[in-house]
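Take a look at the letters that make up each chain.
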Amino acid sequence: MGLENLVATSFAQWVDPIFTNHFALEAFWAVNASGGFDDAFALQTLKHPNEMVRYWTIRLLGDRKRVTPSQQAALLALAKTEPAAEVRAQLASSVTRLPASDALPITRELLLRAEDVNDKHVPLLLWWAVESKCATDRDAILRMLEDSTFWHAPLVQKFIIARLGQRFTAERSDANLETAAKLFALAPTPADADELIKGMEAGLQGDPVKSVPIALQQRVAELWASRAPTPTLMSFAVRLGLTAAEQAALTRITDAKVSEADRRKTITLLAERRVEAAKRPLLRDTVGHQVDAGLMGRGAAMPHQQYAVDARAHGVHLAGQDRPSADQRLALVAETLVGKQRLGHALAVVGIGFVVEQRLLQGEGRAEAVVVAVVVIVAATAIGQVG
C-alpha cells in the first residue's frame, strides 16, 4: 500500500458517520487531497449526517461529470429527502454537468420540493438545470412534462413553464418551434397554456419569425379561437402571423375603450411586424389629422430619445422637446410605418426630397410638407419603388 493510500485510509475512518462535527469535514478533505475520494467513498459520504460532507461530495461528483448507477440512485434519494437547502442548491447546480439520463430524474424530484419556491437560489438553479438539456435532450424534457401533476408543482408553475416557452421561441429553428407546439399539446389546463403564451410572446420579441411550422400554426389558431384575445395573446399570435389576430389588432387601435398604453403597444407591434393591412388605416388617419394625440404621447413627458428623428430624412428634429407638435407626430407615424430609409427613398423617387426637407427645416408649411411626404410614401409603395 502506497503512502498516499495509507494516509487516505487512515483519514477515511474519521469520516465515519459517528463524527458529525467539523472534524468530519476536515477528514473528508484530507482523504480527497490524498487521492482517496473514489466511487465507494463517495457513496458512503453522500449519506453522511454532516450536511457539508454531503454538500462537497455532490460538488466533487459534479466536477467529474459522471456518476455510477449507485451514486445516481443515492443522489435521487437526496433530491427527495435532503433537509438542507444549501445542499439542495448544490445538487441543483451539479446536475447541469451530468448527462440528461442521470440529471433529469434528479431535477424533477427537486422541482417537486415546494419548500424551495421562495428560496433565493434554488429555483433559478433548477431552471438552468432544465435549460442545459434543452438543446440536446428536448425529447427527455417533453417526457418529463407528460405527467400532468408535474405542471402543478409550485416551482414548475412559477419558474419553469413560461421560461420553457421563451427558450423554445427565442431561437427560431424549426425544431424549436415544433417543440413549442408540442408544449401546448402537453399543457393540462388553459392556465398552463397561458403561461406558455406569456413566455413565448417574450421569446418572439425582436426579429420576425421567417417560417412557422404547420403544427404551431394550428396550435396558435386553436388558442386564438378558445379564449378572449388578451394583449399578450394578441402579440403572440400576430408575431406568428395569424391573420385573425392582425385584424383584431387593427380594430384595437381605433377602440376608444382601450387604454392609451395598450393602443401604443399595439401600433408598435403592427409597425414592427410590418403588417401590410395596417398601413392604409394608419396613414389615412395621419393624412386626415385624425391620429389620437394619446397614441404619440401628447401631454406625457416621453423620453426625447424615442422621438429623435434624423433631419436629413424628413427634416424634423426633436432634441430637447418632450411634447412633439402635431406636425412632428405626423412625421413620426410615417417613419414608424415605413422606416427612415424608406421614407427618404420615397421622397427621392418623386424628386421632392430637397424641397420638402428645406421647407421642414425652415419651418415653412410643415404640416403640408409632411402630408405630401406621406402621400408620396403611399404612392411609391403602391408602385413598388420603395424598397
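Here the residue index of a chain counts from 1 through its sequence in written order. With pLDDT at 70 or above as the cut-off, local features in this predicted model cover only qualifying residues; side-chain atom pairs require 80 or more to be listed or tallied, and sums for whole chains, interfaces and linings still use all residues. To obtain the side-chain values, all non-hydrogen atoms of the structure were included, while hydrogens and water were left out.

A. Region of interest: unusual backbone geometry. The backbone of Lys 65 shows a phi angle near 65 degrees, a positive value even though the residue is not glycine. A run of DSSP states H or I qualifies as a helix once it reaches four residues; a run of E qualifies as a strand once it reaches two. Both are numbered from the N-terminal end. As for its position among the elements, Lys 65 is in the loop between α4 (51–64) and α5 (69–81).

B. Focus on the environment of Phe 41. Inspection of the secondary structure puts Phe 41 in helix α3 (residues 39–45). To sort residues, take the accessible area from a 1.4 Å probe on protein chains only and compare it with the maximum for the residue type: under 20% means buried, over 50% means exposed, and anything in between is partly exposed. Since its relative accessible area comes to 6%, Phe 41 is described here as buried. Considered as a pair, Phe 41 and Phe 28 are 13 residues apart in the sequence and their alpha carbons are 9.7 Å apart.

C. Layout of the pattern of salt bridges. A pair is scored as a salt bridge if a Lys or Arg side-chain nitrogen falls within 4 Å of a carboxyl oxygen belonging to Asp or Glu. Taken as a whole and judged by the stated rule, the model has 16 salt bridges. For Asp 39, the salt bridge identified is with Arg 66, shortest N-O distance 3.9 Å. With Asp 39 in helix α3 and Arg 66 in the loop between α4 and α5, the pair connects residues that are 27 residues apart, well separated along the chain. Residue class for Arg 66 comes out partly exposed when judged on its relative accessible area of 42%. For Asp 147, the salt bridge is made with Arg 108, and the minimal N-O distance between the two is 2.6 Å. Of this pair, Asp 147 sits in the loop between α9 (138–144) and α10 (148–151) while Arg 108 sits in helix α7 (residues 100–111), and the two are 39 residues apart along the sequence. Classification of Asp 147 as partly exposed rests on a relative accessible area of 26%. Assessed through its relative accessible area of 23%, Arg 108 is described here as partly exposed. What you see here is one network of salt bridges that share partners, running through Asp 39, Arg 64 and Arg 66.

D. Representation of the environment of Leu 112 in the model. Counting through the fold element by element, Leu 112 comes out in the loop between α7 and α8 (122–131). The sequence separation of Leu 112 and Pro 154 amounts to 42 residues, and the corresponding C-alpha distance is 7.7 Å.

E. Spatial organisation of the packing of helix α12 (residues 161–170) against helix α14 (residues 190–203). Between α12 and α14, the least distance of the axes is 7 Å, while the angle of their chain directions is 40 degrees. Relative to α14, the element α12 lies oblique. The handedness of the crossing between α12 and α14 comes out as right-handed. Each of Ile 161, Ala 162, Gly 165, Gln 166, Thr 169 and Ala 170 in α12 lies in contact with α14, whose residues at this interface are Asp 192, Glu 195, Leu 196, Lys 198, Gly 199, Met 200, Ala 202 and Gly 203. Per-class residue counts for the contact of α12 with α14 are six nonpolar, five polar and three charged. Where helices are involved, their axes are fitted lines through C-alpha atoms of the stretch in contact, as for all axes, and angles between N-to-C directions lie from 0 to 180°. Angle categories are assigned with fixed cut-offs, so that under 35 degrees is roughly parallel, over 145 is roughly antiparallel, 65 to 115 is roughly perpendicular, and the rest are oblique. Left-handed describes a crossing whose near helix is turned anticlockwise from the far helix through less than a right angle; right-handed describes the clockwise counterpart. By definition, residues are in contact when any of their heavy atoms lie within 4.5 Å. Three residue categories are used. Nonpolar comprises Ala, Val, Leu, Ile, Met, Phe, Trp, Tyr, Cys and Pro, charged comprises Asp, Glu, Lys and Arg, and polar comprises the others, including Gly.

F. Fine view of the nonpolar core. Residues belong to one nonpolar core when they are buried, are Ala, Val, Leu, Ile, Met, Phe, Trp, Tyr or Cys, and are joined through side-chain atoms within 4.5 Å. By size, the foremost hydrophobic cluster in this structure holds 87 residues, and its most contacted members are Leu 91, Leu 164, Phe 184, Leu 216 and Phe 236. Here Phe 236 is in contact with Phe 184, Ile 197, Met 200, Glu 201, Leu 204, Val 220 and Leu 223, once residues within four sequence places are set aside.

G. A look at the confidence of the model for the protein. For the protein, the mean per-residue pLDDT works out to 77, and 66% of the residues sit at or above 70. This model gives residues 1–12 a pLDDT under 50, and the stretch forms 12 contacts once residues within four places in sequence are excluded. Confidence scores here are pLDDT values: one per residue, from the predictor, ranging 0 to 100. Across residues 286–322 the pLDDT falls below 50, and counting only partners more than four positions away or on other chains, this stretch makes 73 contacts in the model.

H. View of the side chain of Lys 133. Structurally, Lys 133 is set in the loop between α8 and α9. Note on charges: Lys and Arg go in the positive column, Asp and Glu in the negative column, and His and the chain ends are not counted at all. An unpaired buried charge is present at Lys 133: no salt bridge exists, and Asp 137, the closest side chain of opposite charge, is 6.3 Å distant. Leave out the neighbours within four places in its chain, and Lys 133 touches Val 95, Thr 96, Leu 98, Pro 99, Ala 100, Ala 103, Leu 104, Arg 138 and Ile 141.

I. Main features of the packing of aromatic side chains. Here a Phe, Tyr or Trp ring, Trp counted by its six-membered ring, pairs with any other such ring whose centre lies within 6.5 Å, and the pair is stacked when the planes are under 30 degrees apart, edge-to-face when over 60, and tilted otherwise. Taken as a whole and judged by the stated rule, the model has seven aromatic pairs. Taking 5.7 Å as the distance between ring centres and 80 degrees as the angle between the ring planes, the aromatic pair formed by Phe 28 and Trp 29 counts as edge-to-face. Overall, Phe 28 belongs to the buried group, its relative accessible area being 0%. Trp 29 gets classed as partly exposed once you look at its relative accessible area, which sits at 32%. Measuring from centroid to centroid gives 6.0 Å for Phe 28 and Phe 41, while their planes differ by 20 degrees, and the two rings are stacked. Highlighted residues: Phe 28 in helix α2 (residues 22–33) and Phe 41 in helix α3, separated in sequence by 13 residues. An aromatic cluster of three or more residues is present, and its members are Phe 28, Trp 29, Phe 37, Phe 41, Tyr 55 and Trp 56. In this structure, Arg 167 packs its charged tip against the face of Phe 168, placed 5.7 Å from the ring centre. Consider the ring centre and the ring normal. A charge sits over the ring if Lys NZ or Arg CZ is within 6 Å of that centre and within 35 degrees of that normal.

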